[in-house]
Every structure is written in structure tokens, then in C-alpha cells.
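# Fold and contact review
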There are 2 protein chains.
Amino acid sequence: MAATLKDVALAAGVSIKTVSNVINDYEHIRAETKQRVMEAISELGYSPNLSARSLRSGRTGVIGLAVPELSLSYFAELADSIIKAAERRGLKVLIEQTGGDRDHELDILSSPRLQMTDGLLFSPLGMSNEDAHHLNVNFPLVLLGERIFGGPTDHVTMSNVESARAATAHLLSKGRRRIAVVGGHRGEVIGSAGLRLRGYQLALEEAGIPFDPDLVAYTTLWHRANGATSMRELLASGVEFDAMFGMNDTLALGAMRVLQEAGRTIPDDVAVIGFDDLDEGRYSLPTLSTIDPGRDEIADTAVRILQERISGREGDVPPREFETRFQVIERESSALRE
Amino acid sequence: MAATLKDVALAAGVSIKTVSNVINDYEHIRAETKQRVMEAISELGYSPNLSARSLRSGRTGVIGLAVPELSLSYFAELADSIIKAAERRGLKVLIEQTGGDRDHELDILSSPRLQMTDGLLFSPLGMSNEDAHHLNVNFPLVLLGERIFGGPTDHVTMSNVESARAATAHLLSKGRRRIAVVGGHRGEVIGSAGLRLRGYQLALEEAGIPFDPDLVAYTTLWHRANGATSMRELLASGVEFDAMFGMNDTLALGAMRVLQEAGRTIPDDVAVIGFDDLDEGRYSLPTLSTIDPGRDEIADTAVRILQERISGREGDVPPREFETRFQVIERESSALRE
DNA sequence: CGCCCATCCTACAACGTTGTAGACTCGCCT
DNA sequence: AGGCGAGTCTACAACGTTGTAGGATGGGCG
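Our subject in this report is the structure included herewith.

Conventions and cut-offs
Throughout, a residue's number is its position along its own chain's written sequence, starting from 1. Chains carry letters and ligands carry numbers; both start at the beginning, A for chains and 1 for ligands, and go up in the order they are written. In view of the model being predicted, local features appear only for residues whose pLDDT reaches at least 70, and side-chain atom pairs are presented and counted only at 80 or more, with totals across whole chains, interfaces and linings using the full set of residues. For the side-chain quantities, the full set of heavy atoms in the structure was used; hydrogens and water were omitted. Summary of the distance rule: residues count as near a molecule or strand when at least one heavy atom falls within 4 Å of that molecule or strand. Each polar contact in these results corresponds to two N or O atoms within 3.5 Å; when the atoms are within protein, one needs to be able to donate a hydrogen and the other to accept it, and residues that are neighboring in sequence are counted only if both atoms are side-chain atoms. In this analysis, the protein atoms alone were mapped onto a 1 Å grid. Cavities are point sets where a 1.4 Å probe fits without being able to get out; pockets are open sets with protein on both sides within 12 Å along at least five of seven lines; lining residues have an atom within 4 Å of a point. Grid points are joined across faces, edges and corners, and a volume is the space filled by probe spheres set on the points. Each helix is a run of DSSP H or I of at least 4 residues and each strand a run of E of at least 2, with the numbering of both proceeding from the N terminus. Note on residue classes: Ala, Val, Leu, Ile, Met, Phe, Trp, Tyr, Cys and Pro are nonpolar, Asp, Glu, Lys and Arg are charged, and everything else, Gly too, is polar. Only heavy atoms matter for contacts: two residues are in contact if any of them lie within 4.5 Å across the pair. Buried area adds together the accessible area that both of two parts lose upon being put together, with accessible area traced by a 1.4 Å probe. Salt-bridge detection follows one rule: a side-chain nitrogen of Lys or Arg within 4 Å of a carboxyl oxygen of Asp or Glu. Strand pairing is assigned whenever DSSP identifies at least 2 bridges connecting the two strands. The copies are overlaid by a least-squares fit using only the C-alpha atoms of residues whose pLDDT is at least 70 in both copies. To estimate the expected span of a helix, count its residues, drop one, and scale the result by 1.5 Å. Relative accessible area decides the class of each residue, using a 1.4 Å probe on protein chains only: under 20% of the type maximum gives buried, over 50% gives exposed, and in between gives partly exposed. Orient the strands so they point away from the viewer, and a crossover whose first-strand-to-second-strand path over the helix runs clockwise is right-handed. What makes a nonpolar core is a set of buried Ala, Val, Leu, Ile, Met, Phe, Trp, Tyr and Cys residues whose side-chain atoms join them at distances within 4.5 Å. The pairing test for Phe, Tyr and Trp rings, Trp by its six-membered ring, is centres within 6.5 Å, and the orientation test on the planes gives stacked under 30 degrees, edge-to-face over 60, and tilted for anything in between. Whether a charge sits over a ring depends on NZ of Lys or CZ of Arg being within 6 Å of the ring centre and within 35 degrees of the ring normal.

### Looking at the protein's contact with DNA strand D
- Close contacts around DNA strand D come from 25 residues, with Lys17, Tyr46 and Arg56 of chain A together with Thr18 and Thr33 of chain B the closest.
- The share of sugar and phosphate among atoms of DNA strand D within 4 Å of the protein is 67%.
- One nitrogen or oxygen atom from the main chain of Leu5 of chain A is found 2.7 Å from a phosphate oxygen belonging to DNA strand D.
- In the environment of DNA strand D, a phosphate oxygen lies 3.5 Å from a nitrogen or oxygen atom belonging to the side chain of His28 of chain B.

Following this line, the structure appears as C-alpha cells:
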């Protein structure tokens, strides 16, 4: 059906290798020959068979991206950034959803299906630091996220502790002293929840405010529903607070909704800040203060170093850690006179 | 590096074709031989080279999905559903972002890069009905969305007219008579905006209410910002209305936010309904009434018929149109005594 | 004049897989 | 006994591409 090098070669009266050379911009070709080949190519509508090319070269030009779910806005926006970054580097992205499930994640690391790709950007949620050794795979892998640190691969992550500290400090700077936290994971030390909670505690410590465990609401997932439920629990518990730090924007928005239902005014009664800088927070009522974790920078760095590993130039460079710059974004939900 | 059939064959003391047969579950193999091969396979950690396989078979097991942007929640949730539907059928999904740009869209239809896939799910935004002939491509293609009707390919779409009519009828049933519309596209007949506006008009007609052009706010894109801007314009224009139909949830949420800023109570002053059933609308304040367009059904149907076309069993079946079932979902933003 | 080198092109093999054709062994039927 | 079909396995070619080795031509230089 589709034209091959052979067809073009026949039409142009040259060998297939010459056609291949034309396509690959080989230098030493007579202008006239080149022209003739080009004409044959466009006449036959030839375009190279990528499977064959990749069989020969060992490269597919495709990278895999494994995330929990695209319906979680954070990962949708991350995927968006990554696809754009990959496009700038001539790569395509194949997306795999793990559902945040550990078994599914481990599956992907060992699955042969992934061989249609040159490397993998991997953002686990179910795996924990003890699973780090599973990252020892024989294909290029760049780890994203906050579940595993010190693993055997390159790792790109946001500055969780620092930025959570800045978020908390921001609320403190508004005169708030009783800051609730929504989204903790019980017992977690490493992982977004653990790290961000640590940042929160550090900020309190700096301000000389004792940590009150009753102010922390724990959730399993970080969906809107969990934010809502957590906030209901906090309110029911009767604990007092004048601010809230949502471990991500989605949680914060879910919680904010419940706060308002309960008649609390934001930011006057409760000042709120989230984390992730989702587009959604720009149009909520009130607009949501947040941490911009530098998503584009994460995407760009991740794709760049994955490509470096794929090209093999860095063969024996030891695993590297990258932390991106963050920024506190003040919007209405925390806009109080300082 | 990686083991090949040859290595396995050598280790098991059989021909490579026998190994291939074992892998492909060929019937007539002695149990003992099979066992020996299996052992060699797991010992060497062999897994088939998909590029070679796809060169031989002409299939990659990957389908493409071209959408405007994943950061638009609707497309993120659509992609989520499609990836899941594809997984159920043993397919992987490669995602391409067009930015809703016509040139980029046309590019994809002619691009050789797509040859790493067996077929394409294509959701254009920039192309219009006059571009329909560009869909005449030599690879399996299933069209999604509302930009092009009657094109040369299979098409899966939601019931735009019917569901917009139902949405409008819902507001009418709440006693509302002046229903503003946010998200019109000037002059558009075909396309989500055109069709949904038509549904709106049909509902009015049925209720014997004259159509007032001043109630329609036009936008270019359907982002939150556009919903917000449109609503500001409507308010500034001084036109009176007691309800609003947002052509999608994102617009509705952006507009709702402005309405509330302006001191209007929802749903008492203005009843609101959107379109898409985004997760976000479940946790907004107030929660957003909407149309569930049957996203999972769209995804499932689209992947199914694409796979049918890929398998070629339907060689000469003419292009088919599929319309999914929709549902009106009433939430707080339109919850009035009837 | 003869040699060498650059230019331009070609033949062939190889990447790892699967389809095709066929070899060989049995047991069973005629 | 001979033939036939089913079961088991193998050799070979082919998918479309690119790397390698090398052939042919012509110009420059000793």
C-alpha cells in the first residue's frame, strides 16, 4: 500500500540507499540526483516506515509517561507541559495511567509493552521509598514526584519542604496563628504529604508556635471529595483555626467549599492557601492563593535529562536530583492586610 | 544487550521459529519443548522487540489521540476515559496536542510521525466543516467532537442539540424565562457552540418564548477566563436575565464566579447550568448543574470502532455516526422549587 | 603520465520478528 | 505393506530501513 524506499528508488532510477541518503541529508549527492529523488518522493507520497527505522536504529522517538490519572488536574497540567517539552525536542509521548496503584506501577517497570518507547518518565504514587530498588531497570528512567528519594535514577522534584514552609509562612505573615492542614498522610515522612507537613512544622517552629496535631486532617487520596470530607471532620471536631493550608489546590478547593457552606468567610474567618497553581484556582470564589511549583521547569528538565540518558552520552554519570524553583502566589483567599 | 529470539533458541536448543511459536501460543508444540523454551525465556529475561514485531505485522498496538490541550479539563477527562478504554482492548495511547490550531491539526493528518500508530482518534477544534475533505486519509481515523459532520470517516459525538435543549428546558422548568447563554461563536452553525445554541433556541421555541440575541455572549475560546469576561460584558450591557446556560462547565464556572462577585445569588437570582459534567462542578460553590454527555460511552465507542477499522474487517462499511446518550444533572446551581 | 583523494553512488548485510513451505516421525486406515 | 494425515519442528524469506564496504568517475598534484 504505502510507498517504500524501493518504490521511490525505482521511480527515480537510483538505488534505495541513495534515496535513504537523500532523506537523511547525506552530503555527497549531486543536486540533480537529489532533485529527482525528491520529486519521486513527493509524487509517491512516500514517508518512512518508523517501525523499520526504529528496528534498525533502536530508537523510537517516543517516551512513556506514567502518571496516576489525567482526571486529576495536577497530572493533566503536568502531562500538558511534558508533551510540549517533548515536542520541542522532537519526541512523542505515550501516556500510561497507573491509578496510583502500587502493583500497577511495579507492572509498568517490568512490562515489555514499554519497549515501544525509548525511556520513561515515571510519577509513582502507590510505591514507597522501600520500593526504590524496583527502579533499577535496564531502560532510561527519570523519576518524578515525591514518593521516592535517593533512588537509583535521576529524579526531578519540586521543593516540597521549602515551598510548604513558604506557604505556611505566608499565612503567618497575615497574622494567622492557628493554621489547619488538609491532606496529611498518617505516618508518612517521605512523599508529598510528609514533606509538606514538615515544611509546615518548620515554619511554625521558626515563628515559635507550637505544633497542634489536632489541626492536621488526614486523607487517603487528594481529590476534591477528600478535601471536603476532611474539612467537615475538622469543623465537627470543634478545633479552632483561622487559616488553612491545603496540601494541594484540589484539596483546598474541596475544603473551601465546605468552609463556605458552614458560613465561614474566606479570607476573613479563614485564610486559605493551596499548592500546585492549577488554572482552576484563578477562577474559584474566592480565587485561591497557592504555590507555583514550577511545572514547566519540571517538565523541561525531566524531558531534557531523559533525552540525555537515552542518547547515552552520560553513560556512567551517577543519579542526579533536580529541585525546581517555586513561588508563592497570593490571591484573594489569603489577601488580608498584613 | 537485550535477549532476542536467537539467544533463547540457542539456550533452549531449538530453532528461533519454535521460540516464536511458543510465544504466540501455537498449538502443536510438545509440552516438554514448550517448557524448555519457557525456562530459557525467563532465564534470559527475554521480551519481544516490538519494533521488529510491528515491522513484520504492520501493527504497533498504539493508537494516537489528538486533542487541543490536556489542561482543558474536558479533554483531560476525555483522555483519561480513552486511555482506560484502550487499555481494556490491549492498546496504548500516544497523545498529541494541537492547541486547537487549524494548521497544527491539518499537519497531524498528513504527518508521517503518526505512522508509529495504527490509527487516530481525532478531536479537532480549529478545523471547520469545509475542511472535511482533509479527513480523507489513508489510515484508520475516527473523528470526535462537533466541528465536522458528514465527513468521510466514522464519527462519535454527543447529542449537542438535544442535550442543550434539555439543559434549557431544565431552566425553563424552574420558572425562568430570561436565559442568558455564555460561549456562543458568532456565525457558527456546526460546532459545539452552534449546535448547542440551536438546542437552546429550540427549547425556547417550544416554550413559546421569543429568542433575544442580547442574551447571547460570544467568546473565542472556552476557558474559564472567557466565561468570566463574557459575564462581565453581559452585566455591563444591562440586559436582564434570571438564568444562564454555560456552553460548557468551564465557562459556567468562570461566569458564576463573576456573577457572585457582582452580588447575584445563585440559584435565586440566577439559575445556572453548564455542560460536560466535570469533576470540578461537584465541588464548586454552589455545585454546578450540568449535562453529562456520556464521556465513557464516547471513549468506549470511539476506541471500539477504531479498532474495528484497524482490523479491517469493516473494509467497505460507509462512514458511521454515533451519538451518545446524555443526562441532565441537577445540582445546587439550579435547584429551585418547581 | 600516474597516483591519490574527494565525490557520488551502489550492493549487500543486518536489525528481530513472523509467514510459508516443507521435513520428519508416528499411528492409523486401506 | 503402502499411503495418508496429524503432530512437531526447522530453514528460509520477507517486512523497510540504515551501516559498511567498496566501485566508478574526475580533478589536482608530483
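### Some remarks on the layout of surface pockets
- Computed from the structure, the second largest pocket encloses a volume of approximately 1,500 Å³.
- Those elements that provide at least two residues to the lining of the second largest pocket are α1 (5-12), α2 (16-23) and α4 (50-57) of chain A together with α4 (50-57) and α6 (102-110) of chain B.
- The residue inventory of the lining of the second largest pocket, partitioned by class, reads 18 nonpolar, 16 polar and 6 charged.

### Digging into the interface of chain B and chain A
- Residue-level contacts link 46 residues of chain B with 46 residues of chain A.
- Note on chain B versus chain A: buried area summed over both sides is about 4,300 Å², and carbon and sulfur give 58% of it.
- Per-residue buried area on chain B facing chain A is highest for Met116, Arg257 and Tyr283 of chain B; these three make up 17% of the total on that side.
- Between the two partners, chain B and chain A, sit 8 salt bridges.
- Between Glu96 of chain B and Lys92 of chain A there is a salt bridge; the shortest N-O distance is 2.5 Å.
- Our enumeration of links across chain B and chain A arrives at 20 residue pairs in polar contact (both at pLDDT 80 or more).
- For the side of chain B that touches chain A, the secondary-structure elements that each account for two or more residues are α4, α5 (73-88), β2 (92-97), α9 (224-237) and α10 (249-261) of chain B.
- Here the side of chain B that touches chain A takes 7 residues from α5 of chain B, the largest share from any one element.
- Tallied by class, residues from the side of chain B that touches chain A come to 20 nonpolar, 12 polar and 14 charged.
- Where strand β2 (residues 92-97) of chain A and β2 of chain B come together, 3 bridges link them in antiparallel fashion.

### Concerning the relation of the copies chain B and chain A
- Turning chain B through 180° and shifting it by 0.0 Å along the axis lays it on chain A, with an RMSD of 0.1 Å. The superposition operator between the copies reduces to a two-fold rotation axis. Minimal C-alpha distance to the rotation axis in chain B is attained by Leu94 of chain B, lying at 2.0 Å.
- In this assembly the copies share their binding face: 100% of the residues contributing to the interface of chain B also contribute to that of chain A.

### Topic: helix α10 (residues 249-261) of chain A
Residue and element names in this part refer to chain A.
- Compared with the 18 Å implied by 1.5 Å per residue over 13 residues, the 18 Å span of α10 between its first and last C-alpha is a close match.
- Of all 13 residues in α10, 11 are buried; the element is thus mostly enclosed.
- All of the buried residues along α10 are Asp249, Thr250, Leu251, Ala252, Leu253, Gly254, Ala255, Met256, Arg257, Val258 and Leu259.
- Contact partners of the buried residues in α10: β6 (179-184), α9 (224-237), β8 (243-246), β9 (271-273) and β10 (290-292).
- The backbone nitrogen of Thr250 has a side-chain oxygen 3.1 Å away, supplied by the residue at the start of α10, namely Asn248.

### Observations regarding the pairing of β2 of chain B
Residue and element names in this part refer to chain B.
- Extensive coverage of β2 is indicated by the burial of 6 of its 6 residues.
- Alternating positions in β2 separate into two faces, Lys92, Leu94 and Glu96 on one and Val93, Ile95 and Gln97 on the other, with burial throughout.
- Here strand β1 (residues 62-67) pairs with β2 via 6 bridges, running parallel. Residue pairing for β2: Gly64 is matched across the bridge by Leu94.
- Regarding topology, α5 serves as the crossover connection from β1 to the parallel β2, and that connection is right-handed.

### Describing the nonpolar core
- Within the largest apolar cluster, 144 residues are counted, with the highest numbers of intra-cluster contacts made by Ile95, Leu121 and Leu144 of chain A together with Ile95, Leu121 and Leu144 of chain B.
- If near-sequence neighbours (up to four positions away) are discounted, Leu121 of chain B is found in contact with Ile63, Gly64, Leu65, Ala66, Ile82, Val142, Leu144, Ala302, Val303 and Leu306 of chain B.

### Thoughts on the packing of aromatic side chains
- Under the defined criterion, the tally for this structure stands at 4 aromatic pairs over all chains.
- Pairing Tyr200 of chain B with Phe211 of chain B gives two aromatic rings, centres 6.2 Å apart and planes at 75°, and the pair type is edge-to-face. Pair noted here: Tyr200 of chain B is in helix α8 (residues 192-207) and Phe211 of chain B is in the loop between α8 and β7 (216-218), with a separation of 11 residues, a long-range link.
- One residue, Arg196 of chain A, lies across the ring of Phe275 of chain A, its end atom 3.7 Å from the ring centre.
- Between Arg186 of chain B and the ring centre of Tyr218 of chain B, over which it is positioned, the NZ or CZ distance is 4.1 Å.

### Some remarks on the protein's contact with DNA strand C
- Close to DNA strand C lie 25 residues, the nearest being Thr18 and Thr33 of chain A together with Lys17, Tyr46 and Arg56 of chain B.
- Backbone atoms, meaning sugar and phosphate, form 67% of the atoms of DNA strand C found within 4 Å of the protein.
- Measuring from a phosphate oxygen of DNA strand C, one finds a backbone N or O atom of Leu5 of chain B at 2.7 Å.
- A distance of 3.0 Å separates a phosphate oxygen of DNA strand C from a polar atom in the side chain of Arg53 of chain B.
- Of all elements in the fold, only α2 and α4 of chain A together with α2 (16-23) and α4 of chain B reach the threshold of two or more residues within the surface near DNA strand C.
- No other element matches the 4 residues that α4 of chain B contributes to the surface near DNA strand C.
- In terms of residue class, the surface near DNA strand C is built from 10 nonpolar, 9 polar and 6 charged.

### Digging into the side chain of Ser51 of chain A
- In this structure, Ser51 of chain A sits in helix α4.
- Apart from the residues within four sequence positions on either side, Ser51 of chain A is in contact with Ser51, Ser54, Leu55, Thr60 and Met116 of chain B.

These figures capture arrangement, not role.
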